[in-house]
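# A look at the structure
Listed below are the residues making up each chain.
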Amino acid sequence: EDAEALFRRIGNFSGFGDDMLRFEGVRPPAVGGNLERGDAWTLQPKTHSYPDQKGNPSPNGNSYGEEWGELFRGRSMVVQAVRYGWNVSADHTVGDRAVREVLNAYEEGLKDPVVKRPGQRLTINHTPMASMDDIKRMAKMKVMVSMGPMHIFTPRWLEAGLASYGTERVNDMMPVKVELEPPVARVF
């Protein structure tokens, strides 16, 4: 309710500005935890319960979530920003559950738009984990994805990933080139 009131009151600043300074959009608080700290928000339990940033076992990541309230802080802001045509950059979506939850918020906002803005940009950043179904959803919604290869190629992060998820799941991370059936045209 507060998020909707805010966007209703201020309108949409996405893309406002000039070559010197441009307001691009909004960014929610980090959604997905961290592979190295063992708290990536995942759909499946970890192979080995790698401790989270506070030393607690973290079978699905973000064990600190209950203490902080909802695990996706800023979800209502994302939904309303999408409804009002803002560009949204969901940063730090590391776990596959984080990716899914951000896509769910994007879909919810796109279902009931208040402002239909051509060229609205929805992005997900880091993204070492994503299910094939969610990759297809990203393509369908034209969500732009930036990959953070350090999440699986930096030795200490790779070690943490292997300890938490096992070799098979790590080998499935960062599917940079996948074939979607039918092929999806990219228009950005």
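Look up: the structure comes first, before these words.
Below: a short report on this structure.

Calculation notes
- Residues numbered from 1 in each chain as written.
- Predicted model: local features only at pLDDT ≥ 70, side-chain atom pairs only at ≥ 80, totals over all residues.
- Heavy atoms only, no water.
- Helix = DSSP H or I, 4+ residues; strand = E, 2+ residues; numbered from the N terminus.
- Buried < 20%, exposed > 50% of the residue type's maximum accessible area, 1.4 Å probe, protein only.
- Phe/Tyr/Trp six-rings, centres within 6.5 Å; stacked < 30°, edge-to-face > 60°.

Residue Thr127 is not a glycine yet carries a positive backbone phi of 50°. Looking at the secondary structure, you find Thr127 in the loop between β4 (122–126) and α5 (132–141). A positive phi angle, close to 60°, is found at Lys142, a residue other than glycine. Counting through the fold element by element, Lys142 comes out in the loop between α5 and β5 (144–147). Note on Lys142: relative accessible area 48%, which makes it partly exposed.

A word on helix α3 (residues 75–83). With respect to burial, α3 is a largely interior element, seven of its nine residues being buried. Met77, Val78, Val79, Gln80, Ala81, Val82 and Arg83 are the residues of α3 that are buried. At the C-terminal side of α3, Gly85 shows a positive phi close to 80°.

Glancing now at the packing of aromatic side chains. To describe a pair of aromatic rings, you give the distance between the ring centres and the angle between the ring planes. Scanning the entire structure with this criterion turns up six aromatic pairs. Their ring planes at 40° and their centres at 6.4 Å tell us that Phe13 and Phe16 sit as a pair that is tilted. Residue Phe16 is classed as exposed on the basis of its relative accessible area, which comes to 61%. Aromatic pair Phe13 and Phe23: ring centres 6.0 Å apart, planes at 90°, arrangement edge-to-face. Here Phe23 lies in strand β2 (residues 22–23) and Phe13 lies in the loop between α1 (2–10) and β1 (16–17), a separation of ten residues in the sequence. You can call Phe13 partly exposed: its relative accessible area is 38%. On the basis of relative accessible area, Phe23 is assigned to the partly exposed category, the value being 35%.

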